[in-house]
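Report on the structure
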Amino acid sequence: MRKTYKTLFFGLMLAAGFLPPAKAQLNHHAPGVPYYHETAVKINDLIDTRLDVRFDYQRSYLYGKEWVTLKPHFYPTDSVRLDAKGMDIKTIGILENGKVIPLRYRYEDSLSLAIQLNRTYTEKERYTLFIDYTAKPNELHDKPGFKLDGKGLYFVNPLGKEAGKPTQIWTQGEAESSSCWFPTIDKPDQKTTEQVSMTVPAKYTTLSNGLLISQKKNADGTRTDTWKQSLPHCPYLFMMAIGDFKIYKDKWRNKEVSYYLEPAYAPYAKQIFGQTPEMIEFYSKALGVDFPWEKYSQVVVRDYPLGAMENSSATLHGEYVQKSPWDLIDDPNGSGGTTIAHELFHQWFGDLVTCESWSNETLNESFAVFGEKYWNEKKYGKDDGDAKRYDELQAYLNNGTAYKQALTPFVYTDEEGINGANIYDKGGLVLIMLRNYLGDEAFFKGLGLYLKNRSFKNGEVHDLRLAMEEISGKDLNWFFNQWYYGAGHPVLDITYQWNESDHQQKVFISQKQDGQIFHVPIAVDLYAGGKITRKQVWLTQKNDTLTFNSPVKPDLVNVDADKVLLTKKTDHKSLTEFNYQYHHAPLYLDRLEALNAATNQETSKEGLDIVLAALKDKYHGVQLKAIKGLKMDSVEVAKAALPILAGIAQNDKNYPVRAAAIGILGNTKSKTYVAIYKASLSSPSYTVKGAALIALNSVAPEDAFQSAKSMEADDKGKLGQAIVQVYASNGSDKEWLYVINAFGKASVQVKFDLARGPFPAMIGKLENPQYVLQGIHTIKDLAVSFKKYGIAPKLIAALQQIEEARKKVNDTASASAAEDAIKEINQAKA
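Residues numbered from 1 in each chain as written. Predicted model: local features only at pLDDT ≥ 70, side-chain atom pairs only at ≥ 80, totals over all residues. Heavy atoms only, no water.

1. Side note on the pairing of strand S8 (residues 112–121)
Most of S8 sits out of view: 7 of its 10 residues are buried. Two elements, strand S4 (residues 77–83) and S8, share 6 bridges in a ladder whose sense is antiparallel. Residue pairing across strands places Ser79 opposite Gln116, the latter belonging to S8. Sheet topology places strand S7 (residues 104–108) next to S8; 5 bridges connect them, and they run antiparallel. (Buried < 20%, exposed > 50% of the residue type's maximum accessible area, 1.4 Å probe, protein only. Helix = DSSP H or I, 4+ residues; strand = E, 2+ residues; numbered from the N terminus. Pairing = 2+ DSSP bridges.)

Following this line, the structure appears as structure tokens:
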């Protein structure tokens, strides 16, 4: 799951044999004061959880009956405590000879059930509780002293009043929110088997963990579906999804793989999720541990805010992965596929083996990040994997606080929580370094041993270290101490000195960061005399001097030649050396570093050479960066780049690259490229079509307007946005309804771009005053709603433009309305 994580932990106090007093298990900590976050103490262990639930769509309630089987963990006990947040509890009893014997209990703060058992139980004895309850997720609220991290159960459009949005129910358990919809010990160090019976309107489809073992039609028009997972997993991984889903059934070996989508997207299920069986096979072979669950399903739901969730055997995705072919053609291995790989890798790391405590969450999330990049590398090439790893590095480095916290933190404040940039971005890169140090064979065998040792159990970071040491025979305390239990990263400053008299190349590397000095192995490649010589060295000091003998002055000294070190570095190479690096060093980051160095130096011979080569790079990510960074105000750069861009616009195999090139050509406002624009309007890519229409509008607005009219019925994606821009620039009242409707459906960013672009000009020349007022109010509402993000000044400027335009046509009423809108924006709270 992708999110910055705020922890929810309650300390546990153990007193064997008696029920702790009220409040004993709720630790309240002073705001802003760091404290130690211990692993939840185990008094009782979950064994099996059986639920029978039905739903009240009018009130957004769940009516539940639960049979939960437990046992004392070690010490005898006559009590148990269950998390149960915001529920109405009707009955709590214990099963004895087929009967429910009522038990005494206290419900503390509507959060925790302290239950007195009928006798003392030992670790070899099991007992089963029966609980009749009502969950009311929409009525949950914050309690003094701690914060709920979610409401667990979500009703989407339950009354069907929101047009265009389906009625759905889904759950989200991580971190400790499953106890919002069924009582449990809601901690990551608990595991239980599961059976869930859901009674739902018969028209709906259900999904849960494990296998669908029965369906029963009821006389009242409902149906009861029963799902059973016989393999133990954590309570936070329990899931339900109910809605109008169409199921596409696929297969991996002898196991069902299925995809649940809204009917409109069901025809594209194979295109969206079809790589899943290949991914399962790929990961199973790499890890030496087969996919462990009874089936694998993926469901797409509405209003899910966190990306996706790796529930055991049943991943839940947000709607952004629900794409049609015209989306996928522009992004075949983009965000959706990355998320699919991420959540699938969690089925091993997080689900099969779960972090013992949230302080060890790197064992869940860092591995999922590693897994998605490993898939990209093997499926789409090393450049693609490296490019996405670089994005993770930048996300970590750009986080203002991540460097202050260890990857495995135990002491922190509730306000800090666990920094997401660490457990996602940094953690995935730490695993890349470990893989590079050990080599692929040892690294993946180590992962396999870790999984086999801890299957259906919990793990902590030391378990990973011990598995890697057992396989490799290497001591790895140094690695884990600095990268997992220490904070920060090396900040390197690298300079070079060649001594012609003794033929020695010196490299001076300084660690500029505060805190620990890192001990890291790196590869240094010397390119000299047409040969490449690799040197393996260690950085161990605040200031290291590396000395290499060379018969001639190297053309390039490539420090961290494998480009795996998690570092922020300043590399004092000359542009000539970076030019050599671009053309001779093999990796994506070698070329990207050179291109970054050439930025703002494009007019030099070496800088222009790098940029022009990057326009034709083998990897589309480098091409896009080169195109977007072009200094087209330079006559020399434009003269050299335009012929290349024209070729890219017509022939490049990557559609976003084509679209970017067309955008630059369009900015020239030259009619030389009109034929390219018109031909591109027939592209299968809506991104290319959109870019071509906007470019055509810059030089032949009448042609663009007529083209927009002819394509209006097929206005998907970027093409639809382009049509709005053309109409806003050249249209009249006849096009207003199309424009305002498209504006309403657009993302916030697109709305902002339109509102500060052609939208005000169109409103300024409309004849219908009601349309004018509609436009003014639309811009005003946008500015007020998102004022805290700093967009108000530019939208006020747009309203001032409208005000002046309406004054020129003597429309004083509309001009006054624009003035009033500006006042309202200024008075609104940010």
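2. Observations regarding the packing of helix H7 (residues 420–438) against helix H8 (residues 440–454)
In contact at an axis separation of 6 Å, H7 and H8 are set at 125° when each is read in the N-to-C sense. Compared by their axis directions, H7 and H8 come out oblique. Along its contact with H7, which presents Leu431, Leu434, Arg435 and Leu438, the element H8 presents Asp440, Ala442, Phe443 and Phe444. In terms of residue class, the contact of H7 with H8 is built from 6 nonpolar, no polar and 2 charged. (Axes fitted to C-alpha atoms, helices over the stretch in contact; angles between N-to-C directions. Parallel < 35°, antiparallel > 145°, perpendicular 65-115°, else oblique. Contact = heavy atoms within 4.5 Å. Nonpolar A, V, L, I, M, F, W, Y, C, P; charged D, E, K, R; others polar.)

3. A look at the state of the cysteines
Here the structure, examined in full by the defined rule, presents 0 disulfides. Here Cys180 stays unpaired: no disulfide links it, and the sulfur of Cys234, its closest cysteine neighbor, is 17 Å away. The class for Cys180 is buried, based on a relative accessible area of 0%. Distance from the sulfur of Cys355, which forms no disulfide, to the nearest cysteine sulfur (Cys234) is 7.5 Å. (Disulfide = S-S within 2.5 Å.)

4. Notes on the packing of helix H13 (residues 605–615) against helix H14 (residues 620–628)
One can describe the packing of H13 onto H14 by two numbers: an axis separation of 7 Å at closest approach and a directional angle of 130°. Here H14 runs oblique to H13, going by the angle between their axes. Where H13 crosses over H14, the two elements pack in a sense that is left-handed. Residues Val611, Ala614 and Leu615 of H13 touch H14, and the partners they reach there are Val622, Gln623, Ala626 and Ile627. For the contact of H13 with H14, a count of residues per class yields 6 nonpolar, 1 polar and no charged. (Left-handed = near helix turned anticlockwise from the far one by under 90°.)

5. Some thoughts on the sheet that holds S8
The antiparallel open sheet is built from 3 strands, whose spatial order is S4-S8-S7. Only two strands of the sheet have a single neighbouring strand rather than two, namely S4 and S7. Between one strand axis and the next, the sheet turns by 25° as a mean value, whatever way the strands run.

6. Quick word on the confidence of the model for the protein
Counting all residues, the mean pLDDT for the protein is 94, and 95% of those residues have values of 70 or more. Long-range and interchain partners of residues 3–26, a stretch whose pLDDT sits below 50, account for 82 contacts in this model, where long-range means more than four residues apart. Between residues 142–147, whose pLDDT stays under 50, and residues either more than four places distant or in other chains, the model counts 11 contacts. (pLDDT = per-residue confidence, 0-100.)

7. Overview of the pairing of strand S19 (residues 296–301)
Most of S19 is tucked away, with 6 of its 6 residues classed as buried. As judged from the 4 bridges shared by strand S18 (residues 255–261) and S19, these two strands associate in the parallel manner. Across the sheet, Val257 pairs through a bridge with Tyr296, a residue of S19. Sheet analysis places S19 next to strand S21 (residues 314–318), joined by 5 bridges and oriented parallel. In the sheet register, Ser297 faces S21, and the bridge partner there is Ala314.

8. Here we look at the packing of aromatic side chains
The relation between two aromatic rings is expressed through the spacing of the ring centres and the mutual angle of the planes. A full pass over the atoms with the stated rule returns 53 aromatic pairs. Aromatic side chains Trp170 and Tyr304 sit 5.2 Å apart centroid to centroid with 70° between the ring planes, which places their arrangement in the edge-to-face category. Placement of Trp170 in strand S11 (residues 168–171) and of Tyr304 in the loop between S19 and strand S20 (308–309) is noted, with a sequence separation of 134 residues between them. You can call Trp170 buried: its relative accessible area is 1%. Consider the rings of Trp293 and Phe456, whose centres lie 5.6 Å apart with planes at 90°: the pair is edge-to-face. Placement of Trp293 in the loop between helix H2 (276–287) and S19 and of Phe456 in the loop between H8 and strand S24 (457–459) is noted, with a sequence separation of 163 residues between them. One Lys or Arg, Lys689, reaches over the ring of Tyr686 and ends 4.5 Å from the middle of that ring. (Phe/Tyr/Trp six-rings, centres within 6.5 Å; stacked < 30°, edge-to-face > 60°. Lys NZ or Arg CZ within 6 Å of the ring centre and 35° of its normal.)

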